[in-house]
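Inside the fold
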Amino acid sequence: MTKLNRRLRQGLAFTVPALALATALSGCATAPPKSDTADYQAYQQLNDPLEPANRVFYTVNDKLDTYFMKPVAEGYVHITTQGIRNHVGDFASNIGEPARMLNFMAEGHSKDAGTSLVRFVVNSTIGIGGIFDPAASMGYPETDTDFGLTLASWGVPAGPYLYLPFFGPSGVRDAANYPVEWFATPMEAAPASGALSDFGYSETGLHLVNTRAELIQPIDQIKATALDPYATFRSLYRQSRASQLQQIDQRDNRTWPDWYHQPAQ
Amino acid sequence: MYFRRFILGAAASVPVLALMAGAAQAVTTDQAKSFISDSGNKLVAIVNGSGSESQKAGQLRGLVNQIVAVDQVGDYVLGRYNNVATPAQKQQFQTLFHQLLSYNITYQIKAYQGVTFTVNSATQQGNDVLVDTTVTAPQKAPADVGWVVEDDAGQPKIIDVIVAGTSLRITTRNDYAGVITDNGGQVSALLSAMQSQISKISAAQ
């Protein structure tokens, strides 16, 4: 309980100022008149009523990234090999498997939930704590989901686009993923200890730097070639989420026994 | 009354639609695969070739104009602003778009030194074919890249590139629309932004 309270306080300490800042700056974009049909339709389709505030956060995050995250990631690339970075990625991905399993169960994708469970068990043991990914070569490739996609599978619409301070591109529905991800880690199940907390912080930090390192070239390319990087990242984020959802639906294999009966055609 | 008009309209449009369908010839999956294989080999030969960077950039610009239906992609990217732009603006847009597309592709030469690729499969999607490839470059994780191929005056041409579920032409369309809407719906603002981007890239090369 104490540990949960501490995690809650840490989470709130991080997110409350961000949300307060977001509210303070939440200037709304002015919608075009409904009589201007094409412009009004485009505005509705864009679904970014908080664009002025979102653009402010984009600028802040961009500065933070340029002067802090990117130099750190470049230093990290300098002292590591692609192989090491792949193993760090595998390790972080393995820690996320239990959360993926729960999300797949909530989405009704039992086979994908089973895949996540097998991956976590195999990679945590044979894969030496998740540093290696032997499960993939055993026929259990990595699959991706999160609480935002779970809500989507329940029919919750994406809602307006949000560019969150520190976190980046998101949406009203997808932002619900952050508190869930914060708590749904295997470390939560272990007894509280200072060493475990330190491990959690180190793992989160390393995962962030490793992910940023993998994105150095694509992000540089977008910033160098896009005329409006904010609009480009918004488009890429939305397309990417739509593609993730589509992949989950397409991979919706039937189970044996057939737990989810389909209605007769 | 409305129903009668609908039926008459539908009857009148059928021959027009049939003509349009006849005009747009479908590319077969085999044609699209061999086209992507040939184009990819040419691309890899230039990127991994021994010429200087500016020579390679020139060669790539020529190749892009051969294998990409640039005018069609440009029309798609300008989207609904095709109806707003004047004929002179449309022409200027196409000229700038040709230049920017080439520059954006050549921007990646350094990053993809040592690139190899394999053609995996091809799927018919209406008149288009989506060809899946795997692109591998040193110090990078292999990337699945999809190429959408369409018939352009009897020749297969690339009209879109799909990476991790994201379409290059949709992204570019939204990027350009962002510039126009931020400037009160003025297409001239987009043309100025494209011009200044070209000047910036030219100065850097």
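Right, let's walk through the structure included here. As a convention, each chain's residues are numbered from 1 in the sequence order in which they are written. The lettering of chains begins at A and the numbering of ligands begins at 1, in the order of writing. Where local features are concerned, this predicted model is filtered to residues with pLDDT of at least 70; where side-chain atom pairs are given and counted, the filter is 80 or more; whole-chain, interface and lining totals use all residues.

Now for the overall build of chain B. Per the convention used, a helix needs a DSSP run of H or I reaching at least four residues, while a strand needs a run of E reaching at least two, with both numbered from the N terminus. Of the regular secondary structure elements, chain B holds seven helices and five strands. Its helices and strands in sequence order give chain B the pattern α-α-α-α-α-β-β-β-β-β-α-α, from N to C terminus. Remark: C-beta atoms are placed from the backbone, and a residue is labelled buried if 20 or more other C-beta atoms sit within 10 Å of its own, exposed if 12 or fewer do, or partly exposed between those counts. Taken over 205 residues, chain B has a buried fraction of 27%. Remark: residues whose backbone-derived C-beta atoms lie within 7 Å of one another are considered to be in contact. Counting contacts in chain B only where the partners sit at least 6 residues apart, residues at least 24 apart contribute 55% of the total.

Here we come to the nonpolar core. In this description, a nonpolar core means buried residues of the types Ala, Val, Leu, Ile, Met, Phe, Trp, Tyr and Cys, linked to one another by C-beta atoms lying within 7 Å. Counting residues in each nonpolar core, the largest one holds 32 residues, and the members touching the most others are A32(B), V68(B), V131(B), V149(B), I158(B), I180(B) and L190(B). For V149(B), the residues in contact, after removing those within four places along its chain, are V27(B), A32(B), F35(B), I36(B), D128(B), V129(B), V131(B), P156(B), K157(B) and I158(B). Counting 11 residues, the second largest nonpolar core, distinct from the first, contains A53(A), L162(A), Y163(A) and A231(A).

This part takes up the interface of chain B and chain A. How big an interface is tends to be stated in terms of accessible area lost as the parts join. If you look at the interface, chain B gives 22 residues, while chain A gives 19 residues. When contributions to the side of chain B that touches chain A are tallied by element, the ones reaching two or more residues are β5 (166-167), α6 (168-182) and α7 (187-204) of chain B. In terms of residues, the side of chain B that touches chain A owes the most to one element, α6(B), which gives eight residues. Each residue gets one of three labels, nonpolar for Ala, Val, Leu, Ile, Met, Phe, Trp, Tyr, Cys and Pro, charged for Asp, Glu, Lys and Arg, and polar for the others, Gly among them. Residues that form the side of chain B that touches chain A fall into these classes: eight nonpolar, 11 polar and three charged.

Residue and element names in this part refer to chain B. In short, DSSP must find at least two bridges between two strands for them to pair. Overall, antiparallel pairing links the five strands, which are arranged β1-β2-β3-β4-β5 in an open sheet. The open sheet has two edge strands with one neighbour each: β1 (116-125) and β5. Strand direction decides the pairing type here: β1 and strand β2 (residues 128-136), joined by nine bridges, are antiparallel. Residue pairing for β2: T123 is matched across the bridge by L130. Across the sheet, helix α2 (residues 29-47) lies against β1, β2, β3 (143-152) and β4 (155-163), angled at about 155° from β1, the strand it touches most. Lines fitted to C-alpha atoms define the axes, with helix axes restricted to the stretch in contact, and inter-axis angles between N-to-C directions lie between 0 and 180 degrees.

Both strand β1 (residues 161-164) of chain A and strand β2 (residues 168-171) of chain A contribute to a ladder of four bridges, which runs antiparallel. Residue Y161(A) lies in a different strand from β2(A), and its bridge partner there is G171(A).

The backbone of F166(A) shows a phi angle near 70°, a positive value even though the residue is not glycine. Within the element layout of this structure, F166(A) appears in the loop between β1 and β2. At A164(B), a residue that is not glycine, the phi angle is positive and equals roughly 50°.

Time to look at the environment of F117(B). All names here are of chain B. Note that F117 resides in strand β1. The buried category is assigned to F117, around which 20 C-beta atoms lie within 10 Å. C-alpha of F117 to C-alpha of Y103: the two residues are 14 residues apart in sequence and 22 Å apart in space. F117 has contacts with G40, V44, T133, T134 and V135, leaving out every residue within four places of it along the chain.

To continue, consider the packing of helix α4 (residues 70-78) of chain B against helix α5 (residues 87-106) of chain B. Residue and element names in this part refer to chain B. It is at 10 Å that the axes of α4 and α5 come closest, and there the two elements cross at 110°. Judged on the interaxial angle alone, α5 and α4 are roughly perpendicular. Residue-level inspection shows V70, D71, G74, V77 and L78 of α4 in contact with α5, the latter providing F93, Q94, F97, H98 and L101. Any angle that is under 35 degrees is reported as roughly parallel, and any over 145 degrees as roughly antiparallel; angles of 65 to 115 degrees are reported as roughly perpendicular and all others as oblique.

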